[in-house]
Amino acid sequence: MDNQAEFKSYLERLGIEQPALCILLGVQRSTLNKWVNGTVTAIPAIATTAVKMLWFIKESDPQLFQRWMMIQDFGVPAEYATNEKAYEFLHVLKREPSPPIKKLRAQVAAQKQ
């Protein structure tokens with residue numbers, strides 16, 4: 001399977017809408033759109049690896065996936081995912097997640113039930 005096909009395959013498996021996916025991957029929406037629509041066929045290998053890792057985390061550890069969503073959305077260091085006190089601090093801030101991440105969190109929560 002070539003890089004572009006593998007990238008698209010994992011995107012489909014993830015089932016995440018583009019606005020949320022841009023936040024999770026840390027890429028511009030125009031960049032992701034070019035990869036998805038085939039305008040740019042030379043998708044960086046690191047992008048494919050990132051999508052595969054997101055899928056793996058989402059499937060194997062939903063709690064960690066939830067944390068990653070918040071970290072990427074809030075733009076804080078990844079250490080917040082591993083440090084319970086720091087993660088709690090994010091909730092003390094009482095900042096609402098962005099609409100794409102809020103929608104994704106609801107979808108992930110519904111899949112657990």
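Bear in mind the structure is a predicted one, so any value in this text is a computation, not a measurement.

Peer 1: Hey, could you go over the overall build of the chain for me, with residue numbers and the actual values?
Peer 2: Secondary structure summary: the chain contains 8 helices and 0 strands in total. What you see in the chain, going N to C, is helices and strands ordered as α-α-α-α-α-α-α-α. The proportion of buried residues among the 113 residues of the chain is 35%. For the chain, the exposed area adds up to about 6,900 Å²; of that, 55% sits on carbon and sulfur atoms.

Peer 1: Provide a residue-level description of the packing of aromatic side chains, including the pertinent values.
Peer 2: According to the stated counting rule, one finds 2 aromatic pairs in the structure shown. For the ring pair Tyr10 and Trp55, a centre distance of 5.5 Å and an interplane angle of 70 degrees mean the geometry is edge-to-face. Placement of the pair is Tyr10 in helix H1 (residues 3–14) and Trp55 in helix H4 (residues 45–60), with a sequence separation of 45 residues. With relative accessibility at 14%, the residue Tyr10 sits in the buried group. Of the residues examined, Trp55 reaches a relative accessible area of 25% and is grouped as partly exposed. Over the aromatic face of Tyr10 sits the side chain of Arg13, whose NZ or CZ is 4.2 Å from the ring centroid. The ring of Trp55 carries the charged tip of Arg13 above its face, separated from the ring centre by 5.6 Å.

Peer 1: Outline the pattern of salt bridges, supporting the account with residue identities and numerical values.
Peer 2: Tallied over the full model, the rule gives 2 salt bridges. Lys52 is the partner of Glu6 in a salt bridge, and the nearest nitrogen-oxygen pair spans 3.1 Å. Note that Glu6 is positioned in helix H1 and Lys52 in helix H4, a separation of 46 residues in sequence. With its nearest N and O atoms 3.0 Å apart, the salt bridge here joins Lys103 to Glu17. Remark: Glu17 occurs in the loop between H1 and helix H2 (18–25) and Lys103 occurs in helix H8 (residues 99–112); sequence separation between them is 86 residues.

Peer 1: Now, about the packing of H4 against helix H5 (residues 62–74): what can you tell me, with residues and values included?
Peer 2: One can describe the packing of H4 onto H5 by two numbers: an axis separation of 5 Å at closest approach and a directional angle of 130 degrees. One element, H4, and the other, H5, form an angle in the oblique class. Between H4, through Leu54, Ile57, Lys58 and Ser60, and H5, the contact on the second element is made entirely by Pro62, Leu64, Phe65 and Trp68. Each residue belonging to the contact of H4 with H5 can be placed in one class, and the counts come to 6 nonpolar, 1 polar and 1 charged.

Peer 1: So what about the confidence of the model for the chain? Which residues, and what values?
Peer 2: For the chain, the average pLDDT comes to 84, and 83% of its residues sit at 70 or higher. Across the chain, element-level confidence peaks in H4 with a mean pLDDT of 93 and bottoms out in helix H6 (residues 79–82) with 66.

Peer 1: Describe the packing of H2 against H5, and please don't skip the residues or the numbers.
Peer 2: Orientation of H2 relative to H5, taken along the N-to-C sense of each, is 85 degrees, at an axis distance of 8 Å. As far as their axial angle goes, H5 and H2 are roughly perpendicular. Here Ile23, Leu24 and Leu25 of H2 lie close against H5, whose contacting residues are Phe65, Trp68, Met69, Gln72 and Asp73.

Rules used in this analysis
Residues numbered from 1 in each chain as written. Predicted model: local features only at pLDDT ≥ 70, side-chain atom pairs only at ≥ 80, totals over all residues. Heavy atoms only, no water. Helix = DSSP H or I, 4+ residues; strand = E, 2+ residues; numbered from the N terminus. Buried < 20%, exposed > 50% of the residue type's maximum accessible area, 1.4 Å probe, protein only. Areas by Shrake-Rupley, 256 points an atom, 1.4 Å probe, with all protein chains shown as cover. Phe/Tyr/Trp six-rings, centres within 6.5 Å; stacked < 30°, edge-to-face > 60°. Lys NZ or Arg CZ within 6 Å of the ring centre and 35° of its normal. Salt bridge = Lys/Arg side-chain N within 4 Å of Asp/Glu carboxyl O. Axes fitted to C-alpha atoms, helices over the stretch in contact; angles between N-to-C directions. Parallel < 35°, antiparallel > 145°, perpendicular 65-115°, else oblique. Contact = heavy atoms within 4.5 Å. Nonpolar A, V, L, I, M, F, W, Y, C, P; charged D, E, K, R; others polar. pLDDT = per-residue confidence, 0-100.

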